[in-house]
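# Summary of structural features
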Amino acid sequence: MAIEVRDVNKSFGTTPVLRDVSIDVESGSLTALLGPSGGGKSTLLRVIAGLEQPDTGTVRISGVDATRLAPQRRNVGFVFQHYAAFKHLTVFRNVAFGLEIRKRPKDEIRKRVMELLELVHLEQMADRYPSQLSGGQRQRMALARALAVEPEVLLLDEPFGALDAQVRKELRTWLRRLHDEVHVTTVFVTHDQEEAIEVADTIVVLADGEVEQVGSPAEVYDNPANPFVMRFLGPVTEIGGSLVRPHDIEISTEPVEGGTSATVSRVVRLGFEVRVELQVEGRDAWVQVTRGFADQLALTSGDVVSVRPAPGARSLVLATV
Amino acid sequence: MAKYGLRTIAVLYLFFLLVLPVGLIIWRTFGDGLGPFVEALTSASAVHAFQVTLTVALWAVAANTVFGVGTAVLLVRHRFPGKRLLNALIDLPMAVSPVVVGLALILVYGRFAPVGGLLESWGVQVIFSTPGMVLATVFVALPLVVRAVVPVLEELGDDQEQAAHTLGASRLQAFIRITLPGIRWALAYGVVLCLARSLGEYGAVAVVSGRLVDQTQTLTLFVEERFQNFDQPAAFAAATALALIAVITLLLTKLLRPKG
């Protein structure tokens, strides 16, 4: 295991932020800490980096107890949401910082930095200052800077959170490819489930300072441990007292076995998919169908249909209040 | 019309308050040409006063720079009991009259006071000597560096320092390589302000120095003493020199400010 976190508790004042958190991060994996804001995911990452001290519990990095180790002795790379670029240093000197601190020979530093700048496609920018770079370029520089010291683990705190949607998507794909090239154990924090599913091998869902579920993207999406995880990982709707993914619902104009009767209230065409909004037993629900299927059914508002979860679809029975 | 009225009042106000007095000093100084000015400033007493002023100011600036940066880091980056008290104490020298500062220092460091007596027995004379004048100057210029650095340090945040730590830098390395360059303009601004205040200090230094001519006489004390002794050319020449230094520091602060 690259990182082992055991029973970590952390409070800020009287507010508990992490409660008995234990996670394992496999060597060479790409793990996402996913959860809503204030769920404790950034704090957990900072505890691993040594930027915060846990109140109780231990952190082991590559088998070594690092709980009381200062951040500079943990050999972790950390990338901040707002880049934390050294504003008074050029891109080259930013990336070289960790190597200069380690007093490596000048030639070696030059070679390594240029390699890394090539890796993050910033070789043309070596002599620029961070203020002359775009947000995406700054974050790539920060990544190169963190990788320069050959960290045992790379920690990214909402790395794409401050970027606009287009750049965020590009960088996501790029991070995945970079990880496949470099293979350094990576943990990143995000509140965007799509980002976590697309990039990570393993997702740790954190809410209210507790681990809700750990698993591969497919596992947490298809077999959520509880309604919270199911709601957080993707769209859900409620039919017959169960939480179901809207694309896992069969809809037909004839009554079917195990089906629930529903009234169509609106049909919304969203390009390739169609959203059918329903009234089921006095509650709002919706079903996602393909355009072809919707055309075939020719639904209009007011139609009475029968809906049921598709065979094999995972649904969660909600506790009746 | 109201606009012009206000302008006229503002200009007249500044004219009688600032332009006329300073202008007259310069007029009187250079009234008989450059010769008397140079002569007055190169007299043994004047040169000595220059030296004393510089010595005191440089020590005071050095002490306030170290203390100022240290305190600013403490106030912005650390949490500790008594922080608000420290924060309030920093501004105290601004509120206390320099004469009171001088008297208070004599009470502690005078020859017949406990601390002063002890130092005296070790051969260190504080009052009526350079150390006392440095102390007085440090005191009156205390908040200037702290107050210049604190807002910039706050704005800078600690992200860069934390990044430096994760890259292997110790606290000292992070401070020297990251924090110091980040606050350099604000620090320079504070140092220049502190220098200006130190060069121009009169009240506290007058009390603790004993005004010993050719010994503990600074440039401001020299101006006063020459004026009292009806040596107006020397008084005006030294005053003009002080005003010139002030103008230069003012220009320096203007240069440094936008970057801070």
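As a convention, each chain's residues are numbered from 1 in the sequence order in which they are written. A letter from A marks each chain and a number from 1 marks each ligand, given out in the order of writing. Only residues with pLDDT of at least 70 are given local features in this predicted model, and only at 80 or more are side-chain atom pairs given and counted; all residues enter the totals for whole chains, interfaces and linings. To get the side-chain values, take all heavy atoms of the structure and skip hydrogens and water.

### Topic: the environment of Glu273 of chain A
Residues and elements named next belong to chain A.
- The secondary structure listing takes helices from DSSP runs of H or I that are at least 4 residues long and strands from runs of E that are at least 2 residues long, numbered from the N terminus. Examined against the element boundaries, Glu273 turns out to sit in strand β15 (residues 273-280).
- To sort residues, take the accessible area from a 1.4 Å probe on protein chains only and compare it with the maximum for the residue type: under 20% means buried, over 50% means exposed, and anything in between is partly exposed. Residue classification places Glu273 among the buried positions, given a relative accessible area of 16%.
- Should any heavy atoms of two residues lie within 4.5 Å, those residues are considered in contact. Beyond its immediate stretch of four places on either side in the chain, Glu273 contacts Val268, Gln288 and Val289.

### Description of the side chain of Arg245 of chain A
Residues and elements named next belong to chain A.
- With respect to the helices and strands, the residue Arg245 is situated in the loop between β12 (242-244) and β13 (249-252).
- Only four residue types enter the charge count: Lys and Arg as positive, Asp and Glu as negative, with His and the chain ends excluded. A pairing counts as a salt bridge when a side-chain nitrogen of Lys or Arg comes within 4 Å of a carboxyl oxygen of Asp or Glu. No salt bridge is formed by the buried Arg245. Its closest oppositely charged neighbour is Asp222, at 5.9 Å.
- Any N or O atom pair separated by 3.5 Å or less is treated as a polar contact, with the protein-specific requirement of one donor-capable and one acceptor-capable atom, and with residues adjacent in sequence counted only for side-chain atom pairs. Of note is the side chain of Arg245, whose polar atom sits 3.3 Å from the backbone oxygen of Gly234.
- Separated by 3.2 Å, the side chain of Arg245 and the backbone oxygen of Pro235 make a polar contact.
- Residue contacts for Arg245: discarding those within four places in its chain leaves Tyr221, Met230, Leu233, Gly234, Pro235 and Val236.

### Thoughts on the nonpolar core
Residues and elements named next belong to chain A.
- Within this scheme, the nonpolar core is defined by two criteria: the residues are buried Ala, Val, Leu, Ile, Met, Phe, Trp, Tyr or Cys, and they are joined through side-chain atoms within 4.5 Å. Residues Val95, Val113, Leu117, Leu143 and Ile203 are the most contacted members of the largest nonpolar core, which totals 46 residues.
- With near-sequence residues (within four places) excluded, Leu117 lies in contact with Val91, Val95, Leu122, Glu123 and Ala126.
- Within the second largest apolar cluster, 39 residues are counted, among which are Ile48, Val153, Val187 and Val204.

### Here's the deal with the packing of helix α3 (residues 44-77) of chain B against helix α9 (residues 142-156) of chain B
Residues and elements named next belong to chain B.
- Simply put, an axis is a line fit to the C-alpha atoms, just over the touching stretch for a helix, and the angle between two N-to-C directions goes from 0 to 180 degrees. Packing of α3 against α9 brings their axes to within 8 Å, and their N-to-C directions diverge by 40°. Judged on the interaxial angle alone, α9 and α3 are oblique. Crossing geometry of α3 relative to α9 is assigned as right-handed. Within the contact between the two elements, α3 uses Asn64, Thr65, Phe67, Gly68, Val69, Thr71, Ala72, Val73, Leu75, Val76 and Arg77 and α9 uses Leu142, Val145, Val146, Val149, Val150, Leu153, Glu154 and Leu156. Here the word oblique covers every angle except those under 35 degrees (roughly parallel), over 145 (roughly antiparallel) and from 65 to 115 (roughly perpendicular). Crossings are assigned a handedness: left-handed for a near helix turned anticlockwise from the far helix by less than a right angle, right-handed for a clockwise turn.

### Here's the deal with unusual backbone geometry
Residues and elements named next belong to chain A.
- At Ser62, a residue that is not glycine, the phi angle is positive and equals roughly 50°.
- Tracing the sequence through the fold places Ser62 in the loop between β4 (56-61) and β5 (64-65).
- Exposure remark for Ser62: the relative accessible area of 36% places this residue in the partly exposed category.
- Of note, Asn75 is a non-glycine position whose phi angle comes to about 55°, a positive value.
- Within the secondary structure, Asn75 sits in the loop between β5 and β6 (76-79).

### So, the UniProt feature "transmembrane region" (unreviewed entry) in chain B
Residues and elements named next belong to chain B.
- UniProt positions are given in the numbering used here, feature names are shortened, and annotations may be inferred rather than shown by experiment. Those places that UniProt annotates as "transmembrane region" (unreviewed entry) correspond, in this numbering, to residues 12-30, 50-76, 88-110, 122-146, 186-213 and 233-252.
- Counted over residues 12-30, helix gives 100% and strand 0%. Its end C-alpha atoms are 25 Å apart.
- As annotated, residues 122-146 has a helix share of 64% and a strand share of 0%, and its two end C-alpha atoms lie 33 Å apart.

### With respect to the pairing of strand β1 (residues 3-12) of chain A
Residues and elements named next belong to chain A.
- In this sheet, β4 lies alongside β1 in antiparallel orientation, the contact comprising 5 bridges. Paired with Arg6 across the bridge in β4 is Thr58.
- Pairing of β1 with strand β2 (residues 15-25), which is carried by 7 bridges, proceeds in the antiparallel orientation. Bridge assignment links Ile3 to a residue of β2, and that residue is Val25.
- In this structure, the hairpin formed by β1 and β2 is closed by a connection of 2 residues, where Gly13 is found at a positive phi of approximately 65°. Whether two strands pair comes down to DSSP finding at least two bridges between them.

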